[in-house]
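Single-letter residue listing:
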Amino acid sequence: MRRAKISVIGAGNVGATTAHWCASNELGDIVLLDIPAAEDMPKGKALDLMQSSPIMGFDSSIQGTTDYADTANSDVVVITAGIARKPGMSRDDLLSTNAKIVSSVAEQVAATSPDSVIIVVSNPLDAMVQQVQKVCGFPHRRVIGQAGVLDTARYRTFLAMELGVSVEDVSALLMGGHGDTMVPMPSCTSIGGVPVTRLLSKERLEEIVDRARKGGAEIVGLLKTGSAYYAPAAATAQMVEAIVKDKRRMIPCAAYCDSEYGVGGYYVGVPVVLGGNGVEKVVELELEPQEKADFKNSVDAVQELVATMDQLMASS
Ligand code: APR
């Protein structure tokens with residue numbers, strides 16, 4: 001049986017770390033691609049990673065390249081190409097530059113790996129995933145954005161730290177856009193089966209949600225020279241695993257919603273069943289009144305972001 005082929009476009013911090021997690025979990029053979037101006041950098045990173053395999057005990061191969069021909073017929077393509085957020089820069093500041101970058105990547109991926117499932121990681125995520133799908137023209141279920149797994153992981157980490165319990169016992173869900181309007185879902189958050197609202201006050205919970213919302217900016221402020229990559233890459237690798245192993249994980253992703261949740265044709269963070277075909281199903285929950293209002297607010301922000309991107313792309 002052939003191993004899955006996973007191509008990671010953008011061999012920077014998030015891309016190389018995603019390749020690392022995918023290889024060490026033996027999810028498939030990996031191709032790490034960057035722009036020609038990067039010269040031999042992707043080859044160097046790939047070779048370095050390969051040389052960790054006898055120590056770490058994995059058999060995945062990792063190839064570095066600047067040529068899309070090497071990515072041909074990938075099963076999964078992860079797009080991390082773009083510029084990373086710098087201190088003081090919001091995700092939206094990245095909009096124009098990264099929209100052009102992901103558009104050119106989407107064109108190449110459509111030509112070389114027409115049957116792949118694409119996971120978009122580049123920010124601002126909700127707009128980039130919309131743009132990639134528009135350019136590549138793949139069915140919506142085969143173009144997915146990575147945001148919810150990361151946001152929820154940040155939230156779970158902070159809840160575990162607050163309560164002094166194992167992260168393994170914290171189960172949570174956040175919905176909506178990947179940004180300041182993401183929607184906490186206290187009714188879907190539990191610690192060892194106990195609803196979080198029985199363990200924490202509403203006020204404290206809101207503070208923790210707020211830290212998760214600003215989790216990316218907190219890391220940018222600390223790193224000063226780039227943005228987060230360990231957790232974003234781990235989140236991406238979990239999505240790759242769900243696809244290549246057809247695990248049907250129920251996890252939050254940026255998925256295309258039309259009639260679902262009344263979104264009307266945008267990518268937004270919702271719980272999905274993720275498997276071999278990409279999004280097998282968008283899971284629709286009955287939202288409580290506050291959740292519904294917060295979700296609408298978040299979808300409005302995503303719509304605005306996409307409209308701004310469309311204007312910028314039309315005028316350039
Ligand atoms: N094709 C392929 N790779 C590209 C292209 C392109 N058209 N344009 C830029 N790149 C590459 C850069 O050369 C660089 O190696 O993308 C890489 C980005 O790496 P970093 O600058 O280290 O950024 P990183 O931290 O990996 O973040 C990448 O993921 O989480 C998001 O907000 C983050 O949008 C950012 C993306």
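Our structure is the block above this text.
On a predicted model such as this, the values are computed, not experimentally measured, just so you know.

Details of the side chain of Thr189
Alright, step 1. With respect to the secondary-structure elements, Thr189 resides in the loop between strand S9 (183–184) and strand S10 (190–191).
Alright, step 2. Residue classification places Thr189 among the buried positions, given a relative accessible area of 1%.
Alright, step 3. The residues contacting Thr189, other than those within four sequence positions of it, are Tyr155, Leu159, Ser171, Ala172, Leu173, Val194, Pro195 and Val196.

Quick word on the packing of helix H5 (residues 125–136) against helix H10 (residues 289–315)
Alright, step 1. Relative orientation of the contacting elements H5 and H10 amounts to 55°, with a least axis distance of 9 Å. Judged on the interaxial angle alone, H10 and H5 are oblique. Judged by the twist between their axes, the crossing of H5 over H10 is right-handed. Touching Asp126, Ala127, Met128, Gln130, Gln131 and Lys134 of H5 are Val302, Leu305, Val306, Met309, Asp310 and Met313, all from H10.
Alright, step 2. Partitioned by chemical class, the residues of the contact of H5 with H10 number seven nonpolar, two polar and three charged.

What to know about the packing of aromatic side chains
Two numbers describe a pair of aromatic rings. These are the distance of the centres and the angle of the planes.
Alright, step 1. According to the stated counting rule, one finds three aromatic pairs in the structure shown.
Alright, step 2. A centroid spacing of 5.3 Å and a plane angle of 50° characterise the contact between Tyr261 and Phe295, whose relative ring orientation is tilted. Here Phe295 lies in helix H10 and Tyr261 lies in the loop between strand S12 (249–257) and strand S13 (266–275), a separation of 34 residues in the sequence.
Alright, step 3. With a relative accessible area of 15%, Tyr261 lands in the buried category.
Alright, step 4. Phe295 gets classed as buried once you look at its relative accessible area, which sits at 4%.
Alright, step 5. The ring of Phe138 has Arg142 lying over it, and the distance from NZ or CZ to the ring centre is 4.6 Å.

Rules behind the numbers
Residues numbered from 1 in each chain as written. Predicted model: local features only at pLDDT ≥ 70, side-chain atom pairs only at ≥ 80, totals over all residues. Heavy atoms only, no water. Helix = DSSP H or I, 4+ residues; strand = E, 2+ residues; numbered from the N terminus. Buried < 20%, exposed > 50% of the residue type's maximum accessible area, 1.4 Å probe, protein only. Contact = heavy atoms within 4.5 Å. Axes fitted to C-alpha atoms, helices over the stretch in contact; angles between N-to-C directions. Parallel < 35°, antiparallel > 145°, perpendicular 65-115°, else oblique. Left-handed = near helix turned anticlockwise from the far one by under 90°. Nonpolar A, V, L, I, M, F, W, Y, C, P; charged D, E, K, R; others polar. Phe/Tyr/Trp six-rings, centres within 6.5 Å; stacked < 30°, edge-to-face > 60°. Lys NZ or Arg CZ within 6 Å of the ring centre and 35° of its normal.

Interpretation in functional terms is not warranted from these geometric data alone.
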